[in-house]
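# Residue-level structure breakdown
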Amino acid sequence: MGKVRTGYNPKTMENLHTGAGAFFKNFIVGTDTYESARLGGKLIGATQGGGEFKAAAEIRNIEIDGLPGKGKGTEIIDYIDVSMTMNFIETTPAILAMALGAADVDTTTNGTYDIITGRNAFEDGDYVDNITYIGTITGSEEPIIIQVFNALSTDGLNIKVEDKKEGVIPVTVYGHYEDTGEGTLDAPPYRIYYPKGSNVATPVASVKGGTYATSQTVSLTCATVGATIYYTTNGFEPTADDTAYSTEITVATDTILKAKAMKSGMADSATMTETYRIGE
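Analysis parameters
Residues numbered from 1 in each chain as written. Predicted model: local features only at pLDDT ≥ 70, side-chain atom pairs only at ≥ 80, totals over all residues. Heavy atoms only, no water. Buried < 20%, exposed > 50% of the residue type's maximum accessible area, 1.4 Å probe, protein only. Helix = DSSP H or I, 4+ residues; strand = E, 2+ residues; numbered from the N terminus. Pairing = 2+ DSSP bridges. 1 Å grid on protein atoms, 1.4 Å probe; cavity = no way out; pocket = protein on both sides within 12 Å on 5 of 7 lines; lining within 4 Å. Points joined across faces, edges and corners; volume = space filled by probe spheres on them. Nonpolar A, V, L, I, M, F, W, Y, C, P; charged D, E, K, R; others polar. Domains from an automatic or database assignment. Contact = heavy atoms within 4.5 Å.

Before going further, it helps to examine the pairing of strand S6 (residues 128–137). Of all ten residues in S6, eight are buried; the element is thus mostly enclosed. As paired elements, S6 and strand S7 (residues 144–151) share seven bridges and run antiparallel to each other. Each bridged residue has a counterpart across the sheet, and for Val-128 the counterpart in S7 is Ala-151. Counting the residues that bridge the hairpin from S6 to S7 gives six residues.

What follows is the structure, given as structure tokens:
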């Protein structure tokens, strides 16, 4: 029989996708972080049974006389069917409306209830700019990120409750192509950000972004030993040509502080972004 063959290799334990992750609404990669998106109300809700992402090509085969089977180059992708399924253990008006697809939530008419009313037609506002999954890859401090664009649920709402069990609401949203005039019809409505591994840790600010009456003194730290932090205060993406952090930063006016950590032999960190409004 010979030697046992296996796909296990020195990198295997760095490439494991673990845990159920979390799902967010309108997450902005490069600006939002897991923590800031949670604090910003973008987290959709807790799940039970996690979720599922699918991107499957709808393929058309060109039939050619005399060709005995599938021929190389004779398959055409008509479109990519993109979907994200989430199994929510939380029941909230926002989750119910998302599942329904075409629905409105009235939060003002009744003092006791939020009222969810369905519609017979979809509106532009029913499409979510993106639904984003944030997960864990064992070999990186940065998450794996999967986004579905122009997300809309068209399967409807299915609520099943049982004695001695929590109700779970499955919601499947589908990505939709959109013509924005920038060639977006050429790209399927999804994007996957896979961490390069061994990334430098993302810098952390001692003072979180927000509105403050007076100036703030901000220090930056990085968990990766020996990394250099570069920062900007004009909202531009930091590079190695920008200011290297060495001492506390005084923020006296409205400022967008961005920071990135770098170390030789490692992939650059993700960008930290904190927005400060002073004197308001």
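Back to the write-up after that little detour.
The next point concerns the layout of surface pockets. Of the volumes computed, that of the second largest pocket is approximately 350 Å³. Around the second largest pocket, the lining is made up of 23 residues, and of these Lys-25, Ala-94, Ala-97, Met-98 and Val-128 lie nearest the centre. For the lining of the second largest pocket, the secondary-structure elements that each account for two or more residues are helix H2 (93–100), strand S4 (103–106) and S6. Examining the composition of the lining of the second largest pocket, we find that three residues originate from one element, H2, more than from any other. Per-class residue counts for the lining of the second largest pocket are twelve nonpolar, five polar and six charged.

So, about the domain arrangement of the protein chain. Splitting the protein chain by domain gives domain 1 (12–193) and domain 2 (204–278). Each of domain 1 and domain 2 has a C-alpha centre, and these two points are 32 Å apart.

Now for the environment of Gly-21. Mapped onto the fold, Gly-21 is located in strand S1 (residues 17–25). Contact partners of Gly-21, with chain neighbours within four places excluded, come to Tyr-133, Ile-134 and Gly-135.

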